[in-house]
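What follows is the residue order along each chain.
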Amino acid sequence: MRNKWTKEEAWSWYNSRPWIRGFNFVPSDCSGWVELWQEYNHAEKVKTIRRELAVASQIGFNAVRQFLAFDVWMYQRESFLKNVEEYLSIAAENGIGVMFVLISDGGVPKKQPIFGEDKPLSGVHGEAVNETAGFNVPVIPGIFPNHNVEKPAPAANPSAPKPKYSPVDEPELAEKFYIYVDDLAKRYAKDERVIFWNIWNEPGNSNRGMLSVPHMKKAFEIVRSYDPIQPLAADLWRIPKSGNLKDMSEEERIALELSDVISYHDYGSIDHSVRVIDFLRAFDRPMLNTEWLHRVQFNTVFSHLPLYYNNNIAIFNWGFVNGKFSGHEPWEACWRRYAAGEKLDITKWQHDLLRKNLRPYDPQEIEKFMTYFAMADKAFEKKQSEK
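Conventions used here
- Residues numbered from 1 in each chain as written.
- Predicted model: local features only at pLDDT ≥ 70, side-chain atom pairs only at ≥ 80, totals over all residues.
- Heavy atoms only, no water.
- Helix = DSSP H or I, 4+ residues; strand = E, 2+ residues; numbered from the N terminus.
- Buried < 20%, exposed > 50% of the residue type's maximum accessible area, 1.4 Å probe, protein only.
- Contact = heavy atoms within 4.5 Å.
- Axes fitted to C-alpha atoms, helices over the stretch in contact; angles between N-to-C directions.
- Left-handed = near helix turned anticlockwise from the far one by under 90°.
- Nonpolar A, V, L, I, M, F, W, Y, C, P; charged D, E, K, R; others polar.
- Core = buried A, V, L, I, M, F, W, Y, C linked by side-chain atoms within 4.5 Å.
- Pairing = 2+ DSSP bridges.
- pLDDT = per-residue confidence, 0-100.

Looking only at helices and strands, one finds 12 helices and eight strands in the protein chain. Expressed as a percentage of its 387 residues, the buried residues of the protein chain come to 52%. A fraction of 80% describes how many contacts in the protein chain between residues 6 or more apart in sequence connect residues 24 or more apart.

Interhelical geometry of helix α5 (residues 77-93) versus helix α6 (residues 171-188) gives an angle of 35° and a closest axis separation of 12 Å. Considering only the axes of α5 and α6, their crossing is right-handed. Side by side, α5 and α6 meet where Arg 77, Phe 80, Leu 81, Val 84, Glu 85 and Leu 88 of the first sit next to Tyr 180, Asp 183, Leu 184, Arg 187 and Tyr 188 of the second. In terms of residue class, the contact of α5 with α6 is made up of seven nonpolar, no polar and four charged.

Take the nonpolar core next. In this structure, Phe 80, Trp 197 and Phe 320 are the most contacted members of the largest nonpolar core, which totals 104 residues. Ranked by the residues each element gives to this core, the list is headed by α6, at eight residues. For Trp 197, the residues in contact, after removing those within four places along its chain, are Phe 100, Leu 102, Leu 184, Ala 185, Tyr 188, Ala 189, Val 223, Pro 228, Gln 230, Pro 231, Leu 232 and Ala 233.

In this section: the sheet that holds strand β6 (residues 262-265). Through backbone hydrogen bonds, the strands of a sheet pair up, either in parallel or in antiparallel fashion. An order of β1-β2-β3-β4-β5-β6-β7-β8 is seen for the eight strands of this closed barrel, with the pairing classed as parallel. Here the strands of the sheet are splayed against their neighbours by 25° on average, with no regard to which way each runs. In this structure, strand β2 (residues 63-67) lies alongside strand β3 (residues 97-101), joined through five bridges in parallel fashion. Counted as the bridge partner of Phe 67 is Val 101 from β3. The strands touched by helix α8 (residues 250-258) are β5 (232-236) and β6; relative to β5, the strand with the most contacts, the crossing angle is about 155°. Running over the sheet, helix α9 (residues 270-281) touches β5, β6 and β7 (287-292) and is turned about 160° from β6.

Attention shifts here to the confidence of the model for the protein chain. Residue-level pLDDT values for the protein chain average 91, and 89% of them are 70 or greater. Low pLDDT, under 50, characterises residues 145-151; the stretch is placed with six contacts to residues that sit more than four places away or in other chains.

Below is the structure:
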């Protein structure tokens, strides 16, 4: 069984390829991962995937971060695996490598996935993949016309928020999850179309703390048993403001210890992002920012793309073509913070780069991407020629 990569192995992998620049992909006609991977009407989703990845390739993107769906695998394993294989082929045709995200601590409803025609959505950000999003969005005094909405009374005995559900909380489903991980690892551990294994998205999110850690460790162990040619990582997503490792959550310290390279998320301002990079640079491993771009919080293409380019950090902004996921809408938390007086640019799209007609949200953003992508490729070609 392979162990964690050495720093030398990690840098050798990273430096052997052009600057990795990708995005978190939800096809515009999909509300979330179930609709993407389910058997129902998948031929139509394939048309969208082909069209949108072709446009991404034209811009110069060479990677996608793609969430898979354990629940779809459980109920529709054969078609799920077929759909994953077809997806990888389409990506490869467009010169795009795929990062698999196996599971998330993002909090999902405890229910069987609903297959078939998806319902019309309310326009709430990521409604289909978030337990708390939905149609009953409360009216916020000071923003909406109704100023007479009463705030809910505080709980008589306030307590710590309860952790949200994950299928791995149930022993029987945890065993099935391990089989799901094995099913994918044995197929793709040596497949060059897959560039990265994102074993666990944001461990500890949804008030889960250490609950998922034993399962995260097991998933790392399973994938490593196939001696993969790709690096493995779980995400850091709450970088301590102190810049001190001891102030990092225990689950994220364990994720860091398990990871071959550093996968982190940062939706903060430029000053915050510089501090994050300074903190992570000390670990001397390749850095991949696998979630960024939050215009509402002043995390923009214009402010951050040069930062990542100059620090040789791989990037995966959230979103590509605006659609059913409603990634352009601000998080509900942003509306609440805005109502409380925080300075946020609520007039901007939060995520996504292109409109539904494939025109840019902001043409200057796309021009900026293309400029830096071309610079990166030229620098890589020069480095290769000097070997």
